Amino acid sequence: MKLFTRSLAFLASTAVLASAAPGTSLFSLRSAIQAIAPADTNDFTNHQLVRIAVPEGSSAKIASLLEDELELDVWGVSESGIDVRLAPGVEESVKSLLAANGATLVEVLETNIQETIDAEKERLDQAASRFAPADWHTEYHDYAAIKSWYQGLASTYPDLVTFTPSIGKTVGGRDIFAVRITNKKAPGDKPQFYLESLIHAREWISGATLQYVTDQLLQGYGSDAAVTDLLDKTEFLLIPVVNPDGYAYTWAGNRLWRKNRNGQGVDLNRNFPDHWGQGGSSSSPSSETYRGPSAGSELETKALMSYFLNPSNKRIVGAIDIHSYSQLVLRPYGWTSANSPDEQKFKAAGDGIASAIKANSGVSYSSIKSYNLYQTTGSTTDWWYGAEVIGKLKTHIYAFCIELRPGSSSSNGFVLPPSQIIPTGKEIFAALKGWTKYVLANPISG
C-alpha cells in the first residue's frame, strides 16, 4: 500500500511539473520536486548528475535559483558551469526554468547515480576484509577508523603529535577530536596553521586529503629539510572530521548527505556568526544550505569556535577549510563583492596555491574571491577573517577554502575513486608547503 501511495504521489507531482507554465511560482515547482525527490533519501536510482552552462557572470544567480529557491542538490559550481543532481521526472521543468534564465542543460554526466554508489559500497565491503595499514591512503575510511588512525599517530610520533580526544560532542554523542602537530622539543611561541575537513559529510576526499597531508608532515620530519624546519618553527592544528554525525550517516545511510544530523540537518558552513542569514543560505530546514535557527546554533559550530579562540591557539596565522569539489582556491569575502582589506596578499597567496598544484600535478585550480563564484554567508572562512576572530586574536589571518578534485571534466562528483586520494594529497601537500612559507613571510595585521 505504501508503494502504491508513493507512486500516486509521484505521478501527481510529475503531472504538476509537466504542466507547469512559465508563470508557475517557484514555490509550486519546489513543492512538486520535493514530493518526487525528498531531501533525505537513501535511494538515488535513475537520479542524474547534469551539467548546466550559464551566461558569463550569472553562475551565482543560477546556483541560488537551483539551490536556495528550488532546493535542488547542487554538487559543484565553477566559472564554466554548475553540476546538479536531478531526480527522475524533474528534468524538463528544470530545463524550462533554466531557459527562462539564459542557462542550458548541456550534458548528462551520470545517468544513474545509485549504480556508482552501489559500486563504491561493494568495493568498500571487500576492502574491509583485506585492508592493511600500509595501504591506508588507497581507500576511504569511516569515522571510527579515522579516529583510531590519528590516535595511533600520537603513539607512533609522541614527540610530534598530540591527540585531543574531544573538543565537543555532537547531537549523536560523537566526539569532535583534534590533532596538534609540531616538534615538541623545539620551544617557543610558534605561529599556528589550522586545517579542517569533512564539514560537509559527503565530501570524502577532503578527509582523505588531510590524512595524506598529516602523514607527509610526520614522515617528512627528519628526512625532508623543509618539513623539518616547518615543524620546528610552526604548529599545525587539525580538525579531521568536523561533522562526525553527518559523515557516519554517509556510511550507514545516505551517501550524499551534506549537513549535520540535528533535525533535518544544518549546513555547518552557513551557521557561523559572520553576516549569518544575509543571503547565500536558506531558511528552509529541508534545503541543503539551511543555515540553522540562529547564528552559531549547532554543537559542532560552538565546539569549533571555542577551540579556534582558545588561548592556546592565539597564534593562528592561516586557516584552510578543505572541501570538494570543482578545483577552486577561494578567498574572502563570501558575503560581499567588496574586496577585503588584504585582497592583494590574499590573491597572491591563492594564486600561489593554484600555481603549486599546477607545477606538482598539471591539474588546474582557479584562484578567485568566493563571492565571485556565488554568495555565501555564515561560512568558516568569513568567520576566520571576520570581526569576532580579529577582535580576539588582534590580527587578521589568511583564511581559505580549497575545493578539491574533480574538475569540470569528470562525472565522479562526490563519489571520487580512491585512486584519486594520493594524487590529490600530493598536490595539496605541495601547495601547503608553499602557502605556509608565503604566509610566514607576509604577515597581515588587524
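Preceding this section is the structure that the text describes.
Residues numbered from 1 in each chain as written. Predicted model: local features only at pLDDT ≥ 70, side-chain atom pairs only at ≥ 80, totals over all residues. Heavy atoms only, no water.

A. Structural detail: the overall build of the protein. A tally of regular secondary structure across the protein gives 15 helices and 12 strands. Compactness check: the protein gives a C-alpha radius of gyration of 22 Å against a globular reference of 22 Å for 446 residues, within 12% of the reference. When its C-alpha atoms are laid out on the principal axes, the protein stretches across 70 × 55 × 40 Å. Per-residue burial for the protein yields a buried fraction of 57% across its 446 residues. At a minimum sequence separation of 6, the contacts of the protein that also span at least 24 residues come to 76%. Entry remark: accessible area of the protein is about 17,500 Å², with carbon and sulfur atoms responsible for 53%. Taking the 39 positively charged and 46 negatively charged side chains of the protein as two groups, their mean positions are separated by 5 Å. (Helix = DSSP H or I, 4+ residues; strand = E, 2+ residues; numbered from the N terminus. Rg over C-alpha atoms; globule rule 2.2 N^0.38 Å. Buried < 20%, exposed > 50% of the residue type's maximum accessible area, 1.4 Å probe, protein only. Contact = heavy atoms within 4.5 Å. Areas by Shrake-Rupley, 256 points an atom, 1.4 Å probe, with all protein chains shown as cover. Lys, Arg positive; Asp, Glu negative; His and termini not counted. Charge placed at Lys NZ, Arg CZ, Asp CG, Glu CD.)

B. A look at the sheet that holds strand β9 (residues 316–324). As summarised here, the arrangement of the 8 strands in space is β5-β6-β8-β7-β9-β12-β10-β11, forming an open sheet in which the pairing is mixed. Edge positions in the open sheet fall to β5 (161–164) and β11 (366–369), since each of these has one partner strand only. Between one strand and the next, the sheet's axes are offset by a mean angle of 20°, whatever the strand orientation. Against the sheet, helix α6 (residues 143–156) engages β5, β6 (178–181) and β8 (235–239), with an angle of about 140° to β5. (Pairing = 2+ DSSP bridges. Axes fitted to C-alpha atoms, helices over the stretch in contact; angles between N-to-C directions.)

C. Molecular detail of helix α4 (residues 91–100). Considered for burial, the residues of α4 that qualify are Ser 93, Val 94, Leu 97 and Leu 98. Angularly, the buried residues of α4 cover 135° about the axis, an arc narrow enough to put them on a single face. Opposite the packed face of α4, turned more than 90 degrees from it, sit the exposed residues Glu 92, Ala 99 and Ala 100. Downstream of α4 by one or two residues, Gly 102 has phi in the positive range, about 80°. (Arc of directions from axis to C-beta.)

D. Just a negative patch on the surface, in detail. Where like charges cluster on the molecular surface, the negative patch consists of Asp 43, Glu 115, Asp 118 and Glu 122. Mapped onto the fold, Glu 122 is located in helix α5 (residues 113–130). (Patch = residues over 30% accessible without salt bridge, like charges linked within 9 Å, V, L, I, M, F, W, Y side chains within 5 Å. Salt bridge = Lys/Arg side-chain N within 4 Å of Asp/Glu carboxyl O.)

E. Structural detail: the sheet that holds strand β3 (residues 82–86). Across the sheet, 4 strands lie side by side as β2-β3-β1-β4; this open sheet has antiparallel pairing. If you trace the sheet from one side to the other, it starts and ends with β2 (73–77) and β4 (104–110), each paired once. Neighbour to neighbour, the strand axes of the sheet diverge by 30° on average, direction disregarded. As paired elements, strand β1 (residues 48–53) and β3 share 5 bridges and run antiparallel to each other. From the neighbouring strand, Arg 51 faces β3, where its bridge partner is Asp 83. Set on the sheet, helix α3 (residues 59–69) makes contact with β1, β2 and β3; between it and β2 the angle comes to about 160°.

F. Examining the side chain of Gln 211 more closely. One can find Gln 211 in helix α7 (residues 204–220). At 3.0 Å, the side chain of Gln 211 and the side chain of Trp 136 are in polar contact. Once residues within four sequence positions are removed from consideration, Gln 211 is found in contact with Trp 136, His 137, His 141, Ile 146, Trp 149 and Tyr 150. (Polar contact = N/O pair within 3.5 Å; in protein donor to acceptor, adjacent residues only side chain to side chain.)

G. Quick look at the side chain of Ser 287. For Ser 287, the position within the fold is in the loop between α9 (244–252) and α10 (299–308). Apart from the residues lying within four places of it in its own chain, the contact partners of Ser 287 are Glu 67, Glu 71, Lys 259 and Ser 282.

H. Broad picture of the nonpolar core. Of all hydrophobic cores here, the largest spans 82 residues; its most connected members are Tyr 150, Tyr 194, Phe 236, Ile 239, Phe 308, Tyr 365 and Trp 435. Setting aside chain neighbours within four positions, we find Tyr 194 in contact with Leu 237, Ile 239, Leu 304, Tyr 307, Phe 308, Ile 316, Gly 318, Ala 319, Ile 320 and Trp 384. Among the nonpolar cores identified, the runner-up in size contains 26 residues, and Val 54, Val 77, Ala 103 and Leu 373 belong to it. (Core = buried A, V, L, I, M, F, W, Y, C linked by side-chain atoms within 4.5 Å.)

I. Quick look at the pairing of β9. Burial within β9 is extensive, with 8 of its 9 residues counted as buried. Pairing of strand β7 (residues 192–197) with β9, which is carried by 6 bridges, proceeds in the parallel orientation. Its bridge partner being in β9, Ser 197 is matched across the sheet by Ile 322. One ladder, built from 7 bridges, connects β9 with strand β12 (residues 398–404); its direction is parallel. The residue bridging Ala 319 from the neighbouring strand is Ala 399, located in β12.

J. Just empty space enclosed by the protein, in detail. Evaluated as defined, the whole model comprises 4 cavities of 30 Å³ or more. Here the largest cavity defines a volume of roughly 330 Å³. Lining the largest cavity are 31 residues; nearest its centre among them are Asn 269, Arg 270, His 323, Tyr 374 and Glu 403. Contributions of two or more residues to the lining of the largest cavity are made by β2, β9, β10 (328–331), α12 (370–373), α13 (380–384) and β12. In terms of residues, the lining of the largest cavity owes the most to one element, β2, which gives 4 residues. Classifying every residue of the lining of the largest cavity by side-chain character gives 11 nonpolar, 12 polar and 8 charged. When its volume is computed, the second largest cavity comes out at roughly 70 Å³. The greatest single-element share of the lining of the second largest cavity, amounting to 3 residues, is contributed by helix α15 (residues 421–441). (1 Å grid on protein atoms, 1.4 Å probe; cavity = no way out; pocket = protein on both sides within 12 Å on 5 of 7 lines; lining within 4 Å. Points joined across faces, edges and corners; volume = space filled by probe spheres on them. Nonpolar A, V, L, I, M, F, W, Y, C, P; charged D, E, K, R; others polar.)

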